[in-house]
Amino acid sequence: MAYKYKWLSAPSLAIQLNSCFYAQTTSKLLCYASNFYITCPPTIKRSTLYGNLSARLVAFLVDTTLIVFSYTFVLYGISASYEQLYTWSDLFNGGIDFTELLLVCKALFLNPFFLALHWGYYTILESSLKQATIGKFTLGLKVTDLRGRRIGFLQANLRYFSKFISIIPVGLGFLLILTSRRHQMLHDYIARALVVAE
């Protein structure tokens, strides 16, 4: 019995098995060959382009603008708190009143409705078939796992909540993209995810 190995490509290996046996009924030596193919999936998706800092920053600004404008548009329509109905002229009339400005920001952003909208926007869209938020999709970016596949909802949640860890050390977790070979931030490492450019 003999084995022959031949590399077909990086993740595949072909094995040819030659077997010979003696057939007593015909008194002849019979030989046959069998081919086996072993496919090893790559552990890491190799991409020529990953989302760099500038592209991801622009995508973040687009997403933030969409979230804030859509949220405030709805909130102003159903508002029952007078701080949410302030105009810029009300805020800056007679100088900047940081107390009232703080009240407006608190009323707008530190409430469960905005937090739920922000969470749902990122986790649902990044785990969808498009694999991207509107900002990322506009710039040709998408979120994948290390093998280039779509991330699931749980992995999208892990990536979302890991962003708070990236913020904690003065935002150094975000700056990790400057030294990472695949342009990953800290929350990308934690969630084992990539942001790739199509």
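Refer to the structure above for everything that follows.
Residues numbered from 1 in each chain as written. Predicted model: local features only at pLDDT ≥ 70, side-chain atom pairs only at ≥ 80, totals over all residues. Heavy atoms only, no water.

## Here we look at the overall build of the protein
Working step 1: For the protein, the helix and strand inventory stands at eight helices and five strands.
Working step 2: N-terminal to C-terminal, the α/β element order of the protein is β-β-β-α-α-α-α-α-β-α-α-α-β.
Working step 3: Counting all 198 residues of the protein, 32% fall into the buried class.
Working step 4: Long-range contacts, defined here as pairs at least 24 residues apart, represent 54% of the contacts in the protein between residues at least 6 apart. (Helix = DSSP H or I, 4+ residues; strand = E, 2+ residues; numbered from the N terminus. Buried < 20%, exposed > 50% of the residue type's maximum accessible area, 1.4 Å probe, protein only. Contact = heavy atoms within 4.5 Å.)

## A short note on the pairing of strand β4 (residues 141-145)
Side-chain direction in a regular strand flips from residue to residue, so the side chains alternate between the two faces of the sheet.
Working step 1: Buried residues dominate β4, accounting for five of its five residues.
Working step 2: Where burial is concerned, the two faces of β4 agree: the one with L141, V143 and D145 and the one with K142 and T144 are both buried.

## Remarks on the layout of surface pockets
Working step 1: Estimates place the volume of the largest pocket at around 530 Å³.
Working step 2: F60, Y122, K163, F174 and H187 are, among the 19 residues lining the largest pocket, the residues nearest its centre.
Working step 3: Residue classes in the lining of the largest pocket are distributed as 13 nonpolar, two polar and four charged. (1 Å grid on protein atoms, 1.4 Å probe; cavity = no way out; pocket = protein on both sides within 12 Å on 5 of 7 lines; lining within 4 Å. Points joined across faces, edges and corners; volume = space filled by probe spheres on them. Nonpolar A, V, L, I, M, F, W, Y, C, P; charged D, E, K, R; others polar.)

## Structural notes on the side chain of S162
Working step 1: Relative to the elements of secondary structure, S162 occurs in helix α6 (residues 153-167).
Working step 2: The contact partners of S162, leaving out residues within four places of it in the chain, are H187 and I190.

## Overview of the packing of aromatic side chains
Working step 1: All chains considered together, the criterion is met by seven aromatic pairs.
Working step 2: Here the aromatic rings of Y121 and Y122 are separated by 5.4 Å at their centres, their planes lie at 85°, and the arrangement is edge-to-face.
Working step 3: Put simply, the rings of Y121, Y122, Y160, F161 and F164 touch in pairs and so form one group of aromatic residues. (Phe/Tyr/Trp six-rings, centres within 6.5 Å; stacked < 30°, edge-to-face > 60°.)

## Observations regarding the side chain of Q184
Working step 1: By the secondary structure assignment, Q184 is in the loop between α7 (172-175) and α8 (186-191).
Working step 2: Beyond its immediate chain neighbours, meaning those up to four positions away, Q184 contacts L146, L176, I177, Y189, A193 and L194.

## A few points about the environment of A59
Working step 1: Among the secondary structure elements, A59 is positioned in helix α1 (residues 53-78).
Working step 2: For A59, a relative accessible area of 1% corresponds to the buried category.
Working step 3: Between the C-alpha atom of A59 and that of A132, which follows or precedes it by 73 residues, the distance is 9.9 Å.
Working step 4: Those residues in contact with A59 that sit more than four places away from it in its chain are G135, K136 and L139.

## Topic: the packing of helix α4 (residues 112-126) against α6
Working step 1: Their axes nearest at 8 Å, the elements α4 and α6 cross at an angle of 130°. Taken together, the axes of α4 and α6 lie oblique to each other. Where α4 crosses over α6, the handedness of that crossing is right-handed. For the pair α4 and α6, the contacting residues are L115, H118, W119, Y122, T123, I124 and E126 in the first and F153, A156, N157, R159, Y160, F161 and K163 in the second.
Working step 2: For the contact of α4 with α6, a count of residues per class yields eight nonpolar, three polar and three charged. (Axes fitted to C-alpha atoms, helices over the stretch in contact; angles between N-to-C directions. Parallel < 35°, antiparallel > 145°, perpendicular 65-115°, else oblique. Left-handed = near helix turned anticlockwise from the far one by under 90°.)

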